[in-house]
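Spelled out, the chains give:
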Amino acid sequence: MRHDARITAVLGPTNTGKTHYAIERMLGYRTGVIGLPLRLLAREVYDKIVALRGPSVVGLVTGEERIVPDRVQYWVCTVEAMPQEIGADFVAIDEIQLCADPERGHVFTDRLLRARGLHETMFLGAETMRNAIAELVPKAQFLKRERFSELTYAGAKKISRMKPRSAIVGFSVDNVYAMAELIRRQKGGCAVVMGALSPRTRNAQVDLYQNGDVDYLVATDAIGMGLNLDVTHVAFSGLSKFDGRRMRPLAPNELAQIAGRAGRYMTPGTFGVTGEAPELEDGVVNAIENARFTPLRKLQWRSADLQFSRVDRLIASLEAVPDDEWLVRSREADDLSALKTLAAEADVAARLSDARDVRLLWDVCRIPDFRGISSGEHASLLTNIFGFLHDDGKVPEPWFARQVARIDRTDGDIDTLSKRLAYIRTWTYVAQRKGWVEQDSHWRGETRAVEDRLSDALHTALTQRFVDRRTSVLLRRLKQKESLVADVNEKGEVTVEGELIGRLEGFRFRQDKTATPEEAKAVRAASLTALAPEFHLRADRFYNAPDTEIDYTEQGGLMWGDQAVGKLVKGADPLKPGVQAFVDDEAGADVAQKVERRLQHFIDRKIAALFEPLLAMSRDEALTGLVRGFAFQMVEALGVLPRSAVAQDVKALDQDARGLLRKHGVRFGQFTIFLPLLLKPAPTRLRLVLSSLFKGRDVFPESPPPGLVTIPVIEGVSSEIYGESGYRAAGARAIRIDMLERLADMLRGVDTRGGFEATPDMLSITGMTLEQFADLMQGLGYAAERSERVKVKPAPVATPEGETAEKSEAAPENETTESETAETPEADTASAEEAPQAEVPAEAEAEPEAADAPATAEEEAAPEEAVAEAPETPAGSESAEEPAEPEMEVVYTFRWAPRPRRTDNRGRKGGGEGQARGGKPGGKQGGKPRGKGPGGKGKPGGRGPRDTSPKTYQSRPDKKKDRIDPDNPFAAALMGLKDKS
């Protein structure tokens, strides 16, 4: 150093431009060296100088990186890695107040005392170093710099109220991760900066913050060392830290170093506390705001005059005591501790034969413990490396390659990737040492590549865990007041600026459930702003959609395709329900009204199409008086009315009145008054919905599957619901009402007093087995007597040869299946309605008397039950001597056995539900069922011999009781002709 060399101490608080000033001064010289406290900051300064002068003249030297061009002029280094005695024109040491740091202070003190530039030396740091520098470096000149912006205390704030562009500082990895997770949930995400991160990861995280992708930064005290960020507020989540030995409170000047990052250049900044950190004391706040701190009185020191002749002398020189009152011997550092451990090992001690071996051991012991596993494992690693270097002069390449390959994996979580990144730093440091490995330039590149891959993976993992990019993108666009572009794909997925934010179901936006409530509020506000045009476009498409695209559910929901767009609500009339549209409030009143109008049009047209007979009957002005009242009841019951509920009204209707109702399709059955057209599946499904809606049921019953004549009876389901479904419960199954009326017509011609058996036709129309039919009949009020008898085989019928096959093939074509019968209830009921007995006067319609006694079921079956001749048995066979047991069959005999009649609240007697005035269909009120027994016409008597002669029956009433059919236009004329004759 020249005698006229200048020594300057540039002192002041943060945000005074000290580092920027030093860079300018260095670039004014031909060569220069600047030492920085952190690898991260060294990389930042290196990038700045490269941008100004190019990479060919700038070198970077840290413990894990070494970029040294051939024509290097400016060296950017960590303080520990600064090259000694290279004769640079300019030398600068940043953050010189770290001379008092218990761990690294001795290195900064050594640079303060010994590092000098040929023309200028500059120390950058806090005002607390003024007295120490003045005493230890008497030639130093002082330059005080004031802070560009004002720094004030903002007190305590919750994370939820933290303003954007804030940094939250923690002093442990766990604390940093916990705060970052909390901010992600409440604010959409944050960047994470820690001293243990590689420069590549740190730069990527800083860019995330600087670019505005996130508005919050969570960091350790690493940000206090010169990192220039656009931070307006710094919040401390704690006020103490672990210094490697113990937890200790941070001094005011240490807090100020971190808080000073708030407010860049001329922008004012604030600081405060958050989380569990207590409020700062007034004295501490005043000291930070005015940058007035207690001056440093002791600096950490370790002798630089090391003795390498023997290991014990080296240790003694490292433990030497300073002779200056400003200096204090530093506590035992990691390198000295490792030296003592290795020197005590026999294998290592045996290799220490001269000063060169001792110097090599010291160089190995200075490998930092990046892994931080344990001192024993670190010492074991150093022992292996020293053995390789001492014995072979190199670390074996295969062994080194295995160590690197073991770490070269990018899978795993944040902790796993962080550990691998710490491990690779060890091998990067070894590769940077000149001559320690073969092909050192190759392995420097290889370890750097592994570090870069791990750094990228760690950045990705940090971003995925602590940043909701979707929320960040939306908030950034909203903050920049840019219009957001929303898109809805065919699946209904909604993306804004390419980020999936939820789904549009009809006219309601369903946000992604992964978002927290705090995130959801911001995302919803952004998405609905962008979705406003989409709501209007979708409403137009829906309004013009055909009815075939819209449907209703059995629970009253209204669907557009597979999306719910509304629901039916109770109206003033069962056939006039209202609608409620499912539309988000943010879509606007116009969209809601358009959707509601379209839904109302749909349901009105659906009701008009499926219930046209009912609506026509309600509008028929020809219906007056009692007929109109009865029609009103039919409309109110939606076309299916139990006869027992209106028995008196039916009795009061004369034939003319009934004829007016029959013109509208009303059928007067023995159990039910109904419109056959409304028993089809579509009207039945809608009837159940409308009825349940009008009656206020909590759960709507489901419509029975189409095509079934009978369905199982479910416990707890009322007979009212079965009636609305078009069925009547009887026993374990319910039978469709039109088929029940056909069965009732059949039962009029049987002897219900003497007993009858089920005919094949009865079983056929019900589609039941004999046992099921017996249960059904019992449910209708009949007693079923079970018995067994010998099954009579039918006599063989001679069939011309060749004709059998043709008939067997043609037979299926002439058969009618149950499903075919069930699918056309209107045909079945119409045929039953056309029967002459259905047109009897009111007094006899519910209790018809047979004009002629119909044959019983046994008499009809008699010809079929003739005994066939037994086939001949070959002579000599056993069956000739022992005849086979006859085959038995089960038969049921049914007799009318009405339940005891109940007495209503007026003291009148009445039959059970569904029985018209007396019980059995066709029976007189209060009397026994009438039929034609074998003893004579209308007289009880014993059963005589069976008459097997052919008989002819007719179901007309007595001719004397014939009346003019009001529905037949020719009936009056025909009666006139009869009178004339």
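Preceding this section is the structure that the text describes.
Throughout what follows, the structure given in this document is the object of discussion.

Rules of the game
Residues numbered from 1 in each chain as written. Predicted model: local features only at pLDDT ≥ 70, side-chain atom pairs only at ≥ 80, totals over all residues. Heavy atoms only, no water. Helix = DSSP H or I, 4+ residues; strand = E, 2+ residues; numbered from the N terminus. Buried < 20%, exposed > 50% of the residue type's maximum accessible area, 1.4 Å probe, protein only. Contact = heavy atoms within 4.5 Å. Areas by Shrake-Rupley, 256 points an atom, 1.4 Å probe, with all protein chains shown as cover. Phe/Tyr/Trp six-rings, centres within 6.5 Å; stacked < 30°, edge-to-face > 60°. Pairing = 2+ DSSP bridges. Axes fitted to C-alpha atoms, helices over the stretch in contact; angles between N-to-C directions. Core = buried A, V, L, I, M, F, W, Y, C linked by side-chain atoms within 4.5 Å. Salt bridge = Lys/Arg side-chain N within 4 Å of Asp/Glu carboxyl O. Lys, Arg positive; Asp, Glu negative; His and termini not counted. Arc of directions from axis to C-beta. Parallel < 35°, antiparallel > 145°, perpendicular 65-115°, else oblique. Left-handed = near helix turned anticlockwise from the far one by under 90°. Nonpolar A, V, L, I, M, F, W, Y, C, P; charged D, E, K, R; others polar.

## Brief notes about the overall build of the protein chain
- In terms of regular secondary structure, the protein chain is built from 35 helices and 36 strands.
- The 981 residues of the protein chain split such that 47% are buried.
- Residue pairs at least 24 apart in sequence account for 70% of intrachain contacts in the protein chain once pairs closer than 6 positions are excluded.
- With an accessible surface of roughly 49000 Å², the protein chain has 50% of that area assigned to carbon and sulfur atoms.

## Some words on the packing of aromatic side chains
- The final tally for this structure, using the stated rule, is 17 aromatic pairs.
- Taking 5.7 Å as the distance between ring centres and 40° as the angle between the ring planes, the aromatic pair formed by F756 and F894 counts as tilted. You can see F756 sitting in the loop between α26 (737-747) and α27 (760-766) and its partner F894 sitting in strand β34 (residues 888-896), a full 138 residues away along the chain. As far as burial versus exposure is concerned, F756 and F894 are alike and both buried.
- Members of the aromatic cluster, joined through ring pairs, are F756, F773, Y782, Y892, F894 and W896.

## A few points about the sheet that holds strand β23 (residues 550-552)
- On the basis of which strands lie adjacent, the open sheet formed by four strands has the order β23-β24-β25-β26 and antiparallel pairing. Each end of this open sheet is capped by a strand with a single partner; those strands are β23 and β26 (576-581). Direction aside, the axes of adjacent strands within the sheet are offset by 30° on average.
- With four bridges joining them, strand β24 (residues 557-560) and strand β25 (residues 563-573) adopt antiparallel strand pairing.

## Thoughts on the nonpolar core
- Counting 64 residues, the largest nonpolar core has L339, L361, V364, I385, F400 and W427 as its most contacted members.
- Look past the residues within four positions of F400 in its chain and what remains in contact with it is V395, W427, V430, A431, V437, W443 and T447.

## Section: unusual backbone geometry
- Backbone geometry places A291, a non-glycine residue, at a positive phi of 55°.
- Tracing the backbone through its elements, the reader meets A291 in the loop between α8 (282-290) and β17 (299-301).
- Its relative accessible area of 27% is what places A291 among the partly exposed residues.
- For Q439, which is not glycine, the phi torsion reads 50° and is therefore positive.
- With respect to the helices, strands and loops of the structure, Q439 is situated in the loop between α15 (414-432) and α16 (440-466).

## What about the pattern of salt bridges?
- Applying the stated criterion across every chain yields a total of 47 salt bridges.
- Close ionic contact of R748 with D745 constitutes a salt bridge, the shortest N to O distance being 3.7 Å.
- Since its relative accessible area comes to 14%, R748 is described here as buried.
- Relative accessible area serves as the criterion here: at 25%, D745 is assigned to the partly exposed category.
- E757 is the partner of R789 in a salt bridge, and the nearest nitrogen-oxygen pair spans 2.9 Å. Of this pair, R789 sits in strand β33 (residues 782-790) while E757 sits in the loop between α26 and α27; the two residues are 32 residues apart in sequence, bridging distant segments of the chain.
- Residue class for E757 comes out buried when judged on its relative accessible area of 11%.
- A cluster of three or more residues bridged by salt bridges with shared partners is formed by R39, R43, D47, E65, R200, R448, E451, D452 and D456.

## Quick look at the side chain of D751
- Mapped onto the elements of the fold, D751 is located in the loop between α26 and α27.
- The side chain of D751 is buried and forms no salt bridge, while R753, the nearest opposite charge, is found at 4.8 Å.

## Digging into the environment of G17
- Considering the arrangement of structural elements, one finds G17 in the loop between β1 (6-11) and α1 (18-27).
- Here the alpha-carbon distance between G17 and F148, two residues 131 residues apart in the chain, equals 8.3 Å.
- If we skip the residues at most four places from it in the chain, G17 touches R145 and F148.

## Here we look at the sheet that holds β1
- As summarised here, the arrangement of the eight strands in space is β4-β3-β5-β2-β6-β7-β1-β8, forming an open sheet in which the pairing is mixed. On the outer flanks of this sheet lie β4 (66-67) and β8 (141-144), each paired with one strand and no other.
- Of the pairings in the sheet, the one linking strand β2 (residues 32-36) to strand β5 (residues 74-78) comprises five bridges and is parallel in character. Bridged to G35 within β5 is C77.

## Comments concerning the pairing of β25
- Between β24 and β25, which follow one another and run antiparallel, lie two residues, and G561 among them has a positive phi close to 70°.
- In the sheet, β25 pairs with β26 via five bridges, with the strands oriented antiparallel. Paired with L568 across the two strands is V579, which belongs to β26.
- If you look at the hairpin formed by β25 and β26, you'll find two residues sitting between the two strands.

## As for helix α7 (residues 252-259)
- L255, A256, Q257, I258 and A259 are the residues of α7 that are buried.
- Looking at the buried positions of α7, the neighbouring elements they touch are β9 (151-156), β10 (166-169), β13 (233-236), β16 (269-273) and α8.

## Let's talk about the pairing of β5
- In terms of burial, β5 is largely enclosed, as five of its five residues are buried.
- Along β5, one buried face is formed by Y74, V76 and T78 and the opposite face, lined by W75 and C77, is buried too.
- The pairing of strand β3 (residues 58-61) with β5 spans four bridges and is classified as parallel. Residue G59 lies in a different strand from β5, and its bridge partner there is W75.

## Describing helix α28 (residues 770-779)
- When we look at burial in α28, the residues that qualify are F773, A774, L776 and M777. Viewed end-on, α28 has its buried residues packed into an arc of 160°, placing them on one side of the element.
- Buried residues belonging to α28 abut β31 (727-730), β32 (733-736), α26, α27, β33 and β34.
- Positioned one or two residues after α28, G781 has a phi angle of 105°, which is positive.

## What about the packing of helix α14 (residues 397-407) against α15?
- It is the contact of α14 with α15, at a shortest axis distance of 9 Å, that shows an interaxial angle of 155°. As summarised for this structure, α14 and α15 are arranged roughly antiparallel, according to the angle between their axes. For the crossing formed where α14 meets α15, the hand is left-handed. Touching W399, F400, Q403, V404 and I407 of α14 are R420, Y423, I424, W427, V430 and A431, all from α15.

## A look at the packing of helix α19 (residues 589-610) against helix α20 (residues 612-619)
- Two elements in contact, α19 and α20, have axes separated by 5 Å at closest approach and are oriented at 85°. Judged on the interaxial angle alone, α20 and α19 are roughly perpendicular. The residues of α20 that touch α19, namely those facing I607, A608, A609 and L610, are E612, P613 and L615.
- The residue makeup of the contact of α19 with α20, split by class, is six nonpolar, no polar and one charged.

## Some remarks on the environment of A657
- Among the structural elements, A657 can be located in helix α23 (residues 655-662).
- On a C-alpha basis, the gap between A657 and L626 in space is 8.4 Å, while along the polypeptide they are 31 residues apart.

From the geometry alone we can't say anything about function, so treat these as descriptive.
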